[in-house]
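Structural overview for review
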There are 2 protein chains.
Amino acid sequence: MTHGPGQTRRTIRMSDVAREAGVSPMSVSNAFKRPEIVQPETRERILTAARRLGYVPNGVAGTLASGRSRMVAALVPSIRNSSFARTVQGLSDQLAEQGYQLLLAVADTAERERQAIESVLGRRPDGIILTGNEHHPDTIRLLRQSGVPLVETWILSGPILDMAVGFDLNEAAQAMGRLLVSRGYRHIGFAGYAPAERSRFLERQRGFQAALREAGLRDDLLFYAEETAGFAGGRLAMAVLRAQEPRLDALFCVTDIFAVGALFECQRQGLVVPRDFAVAGYGDFEIAAEVVPGLTTVRTRGYEIGRAAAHLIVERAEGGIPAPRIDVGFEVIIRGSI
Amino acid sequence: MTHGPGQTRRTIRMSDVAREAGVSPMSVSNAFKRPEIVQPETRERILTAARRLGYVPNGVAGTLASGRSRMVAALVPSIRNSSFARTVQGLSDQLAEQGYQLLLAVADTAERERQAIESVLGRRPDGIILTGNEHHPDTIRLLRQSGVPLVETWILSGPILDMAVGFDLNEAAQAMGRLLVSRGYRHIGFAGYAPAERSRFLERQRGFQAALREAGLRDDLLFYAEETAGFAGGRLAMAVLRAQEPRLDALFCVTDIFAVGALFECQRQGLVVPRDFAVAGYGDFEIAAEVVPGLTTVRTRGYEIGRAAAHLIVERAEGGIPAPRIDVGFEVIIRGSI
DNA sequence: TGTGTCAATTGTAGCGCTACAATTACGCTG
DNA sequence: CAGCGTAATTGTAGCGCTACAATTGACACA
C-alpha cells in the first residue's frame, strides 16, 4: 500500500491525479468529462498531472456511479457473412466517432441470442442492436424489462420492439422479380435457405413470388439450400430446378454467393450467360462487380444500416427522441448476368 | 424510492433477492458465482427468488469490486476482410463458450489503434487481442503499464509483447514460391500492398523472393496496390507486370481477392489458366475453391487463430501460465490455377 | 461435556467514480 | 461597502457488488 522503494505501485486513480494537481477529485472528473466547466489553467494542470502519472480513467467505476456505460451491444447471426460484416463495420465506425464502444455477440440461433442477451444486459449497455425481428420470447421479456434502447436491423416491417433500421425486403425482391419478367424470362427459379429458419429470407421469397404471379408465371420453382451451402447452393439449385423444369431460364438467388456459384456452374456446363441462362443475386457483394459477366443484383446498404443504428442508440442515450424507423433503401444494380 | 402502487419499481439488485429469499446478499452472490459452496436447498431458494424478481446481476458493480471483468477486447484492422472476420468468429465462439464477452474495436491505422486501446483500457478488460506486431510506441507503453494480458495474432516472428498466435508468414510465402518454381514457371510476379504499411504483407514478399532467388530467378517483379484495391488489384498487377516483363508466366498474390481478380482478367483476355498463365493466392477464401479453375492458394487458419488467442487470454485470466507462442500452421492447397 | 474441525453463512469495508448540493471566489451594482 | 448573481470548486453520499475475515452450527472424538 505504502509505495516505498521496491514496492510495486498499484493502479493510479483519480485521487492520485487530484493530489498531484492540487485539486479535488471532482475537478479531475470534470476536467475529463465536462472540460468546459473547469478553468482552462486548472484543466491544463490536471491533464498534465494525469499524463505524468499515466492515469487511465476507470470506466467501470464511472459506469457504476453514473449509470451510463458509453457501450453499445450488437448481436449478429454471423460475421463471416459479408452483409453483417458491413453492418458491424458501420456500427464500429459510427460508435467510435461518438466515443462509444462496441460489445459484439455473434449468435446464430434464437437460443444463443437469449443467452447472449442475458450476459450482455449485465454490462448495462446504453443500447442493444439486434438483427431481424424474430426473437425468443424470453429475450423479448428480458429486453422489455431492462428498458434499454433497442434497434432491430435489416428489417422494417412487422412488430418492432423499439426502433428499427432496414429496408423493405419484400419490395426489393419484388423489384428484381419484375426486372426478370420484363426481360422476357418465363421459367424463373428461386434459390434460398430453408424457410422455417429465417424470416428475412422468407420475405425475399414472397416478394419474388408476388412479381411472378403478377405476370402470370409459375412461382413454385423453389430450392432451399442448407445453412452452410456457400457457393455450392447456386450449383445445387440449378441442378434441382432444371430437373424439375427443363425450360428453366433464370434463377434468382437470395445471396450473391449462391448467384456467383450458379454463374460458375453455367461456365462449367458451357451455358452462355445471359443468352442461355440468367442469374440474379442479392447483396451486391464485392464479387458481384467482378465476375464475368457482372452479376445483376440488389444492392443493400449494410454499412449504412450499421451507422444509422448506432446513431439512433446514441441519440437516445443522450436524451433525444429519434425517429423510430429508418428506411435506408435498396437499389437494383443491373450488370450483364440477366 | 418507496415502491408503492403506481410507483415505477427501480432495478432489482442483489439485496432485493436476498431479502426475498431470506438470506444475506453474500449468499446470493455465492449462489451465482460459486454455487458449489452454498447448500443446494439454499441455492435453489435464491435462484427461484432471483427468477421471480427478474434479477439480472450488475456485472459492472461486480467488475469494480472484483477487478475481473470477464471481458476481452480485440482490435482488428478490418472486419470486412475474410481472414479477420474468421478470427473474430473464432474469438467470439471461444469466449462465449467460456462465459466471456467480446469488446470489438476496428482500427485500421496505428493512430486509431492507439485511441482504441486507450478507451478500451478504461473498461479494464481481462485481456487484449491485437493484430500484427506493429504498434504505436504510445500503444505499447500504455499496454505495458496496464499489465493486461496480451495476445498478438497473425504473427509469430519478431518482438512479441506478451503472447502470440499465428504462423510463419515468411515460410508460407516461400512454400508457394517454391511450388511455382517447381512447376516450371520462370517469370513470376508478386502482387501486394504498399510495403511501408503492413509488415505482415512484407513478410510474404520476403519469403516469396527468397524462394525465387534460391532458384536463380529474378525477384523484382513486384506490384503494390492501394489499400482499397479489391479484385482490381490483380487486374492491375497483371497489366503493370506484363508491361515490365512480357514473358511473365505466373503471379503470386498476397490475397485471394487479388488472385481471383487476376483470374477474371485472364478470362477476359482469353488467357487459358494455367496453360498460358498461372495464378496463386493467399488465404483460401471461400471463393478460391469455386472459381474455375480452382485457385491454388495458402490456407491460413484464421478461425483457429481466434480460438487459440481467446483461449490463451482466458487461461491467463484464470491464473494459468500458457505457452507464450502458438503456431497454428498453414497449408498449401493445390487446385487448377498453377 | 468440552473442544477441535469443517462447512455454511454473514458483516464489514471498500472497489473508483459521479450526481448533487454546498461552498467559495469574484466582480458588479446601487 | 453591503448585497447579489454567477462561475469555479469541493464534500458527501452513494452506485451494486465481492474479498476477506468473522461467526455460527453441526458433528466427531476424547
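Computed from a predicted model, the values in this text were never measured in an experiment. (Residues numbered from 1 in each chain as written. Chains lettered and ligands numbered in written order. Predicted model: local features only at pLDDT ≥ 70, side-chain atom pairs only at ≥ 80, totals over all residues. Heavy atoms only, no water.)

Some details on the protein's contact with DNA strand C
Condition: By convention in this text, a residue qualifies as near a molecule or strand provided that one of its non-hydrogen atoms is within 4 Å of it. Within 3.5 Å is the distance limit for a polar contact, defined as a pair of N or O atoms, with the added protein rule that one can donate a hydrogen and the other accept it, and that residues adjacent in sequence qualify only through two side-chain atoms. Think of it this way: any DSSP run of H or I at least four residues long counts as a helix, any run of E at least two long counts as a strand, and we number them from the N terminus.
Every one of the 22 residues lining DNA strand C counts as a neighbour, but Met14(A), Ser29(A), Lys33(A), Tyr55(A) and Thr42(B) are closest to it. Within 4 Å of the protein, atoms of DNA strand C come from sugar and phosphate in 72% of cases. Taking Tyr55(A), its side chain carries an N or O atom lying 2.5 Å from a phosphate oxygen of DNA strand C. One of the backbone N or O atoms of Asn58(A) is found 3.2 Å from a phosphate oxygen in DNA strand C. Elements with a minimum of two residues in the surface near DNA strand C: helix H2 (25–33) and helix H4 (59–66) of chain A together with helix H2 (25–33) and helix H4 (59–66) of chain B. If you tally residues by element for the surface near DNA strand C, the top one is H4(A), at four residues.

Some thoughts on the interface of chain A and chain B
Just so we agree on the cut-off: Two residues form a contact once any of their heavy atoms are found within 4.5 Å. Once two parts are brought into contact, the accessible area they lose, counted with a 1.4 Å probe and summed over both, makes up the buried area. Each salt bridge in this description consists of a side-chain nitrogen of Lys or Arg and a carboxyl oxygen of Asp or Glu lying within 4 Å of one another.
Between chain A and chain B, the residue contacts involve 49 residues of the former and 48 residues of the latter. Summing both partners gives a buried area of about 4400 Å² for chain A against chain B, and 55% of it is carried by carbon and sulfur. The three residues of chain A that bury the most area against chain B are Gln101(A), Arg123(A) and Glu290(A), which together make up 15% of that side's buried surface. Along the contact surface separating chain A from chain B lie two salt bridges. A salt bridge links Glu290(A) to Arg235(B), with the shortest nitrogen-to-oxygen separation between them at 3.4 Å. Run the count over chain A and chain B and you get 18 residue pairs in polar contact (both at pLDDT 80 or more).

Observations regarding the confidence of the model for chain A
Close reading of the predicted structure is inappropriate where its pLDDT is low. This is how it is decided: pLDDT expresses how confident the predictor is about each individual residue, on a scale running from 0 to 100.
Looking at chain A, the pLDDT average stands at 91 and 96% of residues meet or exceed 70. Under a pLDDT of 50 for its full length, residues 1–8 of chain A has, in the predicted model, four contacts with residues more than four places off or in other chains.

What to know about helix H1 (residues 14–21) of chain A
Owing to its 3.6 residues per turn, the α-helix brings residues three or four apart onto one side. Residue and element names in this part refer to chain A. Operational definition: Partly exposed describes any residue whose relative accessible area lies between the buried limit of under 20% and the exposed limit of over 50%, with all areas from a 1.4 Å probe on protein chains only and scaled to the type maximum.
Residues Asp16, Val17, Ala18 and Ala21 constitute the buried set of H1. Against the buried residues of H1 lie H2 and helix H3 (40–53). Just past H1, the residue Gly22 takes up positive phi, approximately 70 degrees.

Here's the deal with the sheet that holds strand S8 (residues 250–253) of chain A
Residues and elements named next belong to chain A. Quick reminder of the rule: Strands qualify as paired when DSSP identifies two bridges or more between them. To get an axis, fit a line to the C-alpha atoms, keeping to the stretch in contact for a helix; angles then go from 0 to 180 degrees between the N-to-C directions.
Strand order in the open sheet made by the four strands is S7-S6-S8-S9, with parallel pairing throughout. On the outer flanks of this sheet lie strand S7 (222–225) and strand S9 (278–280), each paired with one strand and no other. Ignoring strand direction, the axes of neighbouring strands in this sheet form an average angle of 20 degrees. Where S8 lies against S9, three bridges are found, and the strand directions are parallel.

What about the environment of Ile46(A)?
All names here are of chain A. Looking at where Ile46 falls in the secondary structure, it is placed in helix H3. Separated by 101 residues in sequence, Ile46 and Gly147 have C-alpha atoms that sit 37 Å apart. If we skip the residues at most four places from it in the chain, Ile46 touches Val17, Ala21, Val23, Ser27, Val28 and Ala31.

Brief notes about the packing of aromatic side chains
The following threshold applies: Only Phe, Tyr and Trp rings are paired, with Trp represented by its six-membered ring, and only when their centres lie within 6.5 Å; those with planes under 30 degrees apart are stacked, over 60 edge-to-face, the remainder tilted. Both a distance and an angle decide whether a charge sits over a ring: NZ of Lys or CZ of Arg must be within 6 Å of the ring centre and within 35 degrees of the ring normal.
This model, assessed by the stated rule, comprises 20 aromatic pairs over all chains. In textbook terms, an aromatic cluster arises when at least three aromatic residues are bridged by ring pairs, as seen for Phe84(A), Trp154(A), Phe167(A) and Phe330(A). The ring of Tyr282(B) has Arg204(B) lying over it, and the distance from NZ or CZ to the ring centre is 4.0 Å.

Quick notes on the sheet that holds strand S10 (residues 296–299) of chain B
Hydrogen bonds between backbone groups are what pair the strands of a sheet, and the pairing can be parallel or antiparallel. Residues and elements named next belong to chain B. Spatially, the six strands line up as an open sheet ordered S7-S6-S8-S9-S10-S12, and their pairing is mixed. One side of each edge strand has no neighbouring strand; the edge strands of this open sheet are strand S7 (222–225) and strand S12 (331–333). Shown here is a sheet whose adjacent strand axes are inclined to one another by a mean of 20 degrees, direction ignored. Alignment of S10 against S12, held across three bridges, turns out to be antiparallel.

Observations regarding the protein's contact with DNA strand D
The environment of DNA strand D is formed by 22 residues, the closest being Thr42(A), Met14(B), Ser29(B), Lys33(B) and Tyr55(B). The contact atoms of DNA strand D, taken as those within 4 Å of the protein, divide so that sugar and phosphate hold 72%. The contact in question runs from a phosphate oxygen of DNA strand D to an N or O atom on the side chain of Ser27(A), over 2.9 Å. Contact distances for DNA strand D include 2.4 Å between a phosphate oxygen and a side-chain N or O atom of Ser29(B). Those elements giving two or more residues to the surface near DNA strand D turn out to be H2 and H4 of chain A together with H2 and H4 of chain B.

Things to note about the packing of helix H1 (residues 14–21) of chain B against H2(B)
Residue and element names in this part refer to chain B. Operational definition: Each angle is binned into one of four classes, with values under 35 degrees roughly parallel, values over 145 roughly antiparallel, values of 65 to 115 roughly perpendicular, and all other values oblique. In the scheme used here, Gly and all other residues not listed as nonpolar or charged are polar, with Ala, Val, Leu, Ile, Met, Phe, Trp, Tyr, Cys and Pro taken as nonpolar and Asp, Glu, Lys and Arg as charged.
It is at 8 Å that the axes of H1 and H2 come closest, and there the two elements cross at 100 degrees. Relative to H2, H1 is oriented roughly perpendicular. The segment H1 lies against H2, with Met14, Val17 and Ala18 engaging Pro25, Val28 and Ser29. Considering only residue class, the contact of H1 with H2 consists of five nonpolar, one polar and no charged.

Some details on helix H12 (residues 302–317) of chain A
All names here are of chain A. For the record, the criterion: One less than the number of residues in a helix, times 1.5 Å, gives the span that helix is expected to have.
Taking 1.5 Å per residue as the helical rise, H12 with its 16 residues ought to reach 22 Å, and the 23 Å between its terminal C-alpha atoms agrees with that figure. Residues Gly302, Tyr303, Ile305, Gly306, Ala308, Ala309, Ala310, Leu312, Ile313, Val314 and Ala317 constitute the buried set of H12. Two residues or fewer after H12 comes Gly319, characterised by a positive phi angle close to 95 degrees.

A few points about the relation of the copies chain A and chain B
Test applied: Least squares is used to superpose the copies, and the fit set is the C-alpha atoms of residues whose pLDDT is at least 70 in both copies.
Its rotation angle being 180 degrees, the transformation that places chain A on chain B also includes 0.0 Å of axial translation and leaves an RMSD of 0.1 Å. The symmetry that links the two subunits is that of a two-fold axis. When each C-alpha of chain A is compared by its distance to the rotation axis, Leu103(A) comes out closest, at 2.3 Å. A share of 98% of interface residues in chain A that are also interface residues in chain B marks the association as one of identical surfaces.

Brief notes about the pattern of salt bridges
Residue and element names in this part refer to chain A. If you walk through the whole model with that rule in mind, you get 46 salt bridges over all chains. The salt bridge partner of Glu245 is Arg247, with a shortest N-O separation of 3.1 Å. Judged by its relative accessible area of 3%, Glu245 falls in the buried class. Assessed through its relative accessible area of 55%, Arg247 is described here as exposed. Here the salt bridges share partners, and the residues they tie into one network are Asp284, Arg299, Arg301, Glu331 and Arg335.

Structural notes on the nonpolar core
We apply this condition: Here, nonpolar core refers to any group of buried Ala, Val, Leu, Ile, Met, Phe, Trp, Tyr and Cys residues whose side-chain atoms link them within 4.5 Å.
The biggest cluster of nonpolar side chains holds 166 residues, and the ones touching the most others in it are Leu104(A) and Leu104(B). Aside from chain neighbours lying at most four places away, what touches Leu104(B) is Val88(A), Leu102(A), Leu104(A), Ala74(B), Val76(B), Ile79(B) and Val88(B). In this structure, Ala73(A), Leu150(A), Ala116(B) and Ile128(B) belong to the second largest nonpolar core, which totals 34 residues.

Things to note about the pairing of strand S5 (residues 163–166) of chain A
In summary, the side chains of a regular strand alternate between the two faces of the sheet. Residues and elements named next belong to chain A. Neither face of S5 is left uncovered, since the one carrying Met163 and Val165 and the one carrying Ala164 and Gly166 both have all their residues buried. With three bridges connecting them, strand S4 (residues 150–153) and S5 associate as parallel partners. Within S5, the position partnered with Val151 by the bridge is Met163. Across three bridges, the pairing between S5 and strand S11 (residues 325–327) is parallel. If you follow Ala164 over to S11, its bridge partner there is Arg325.

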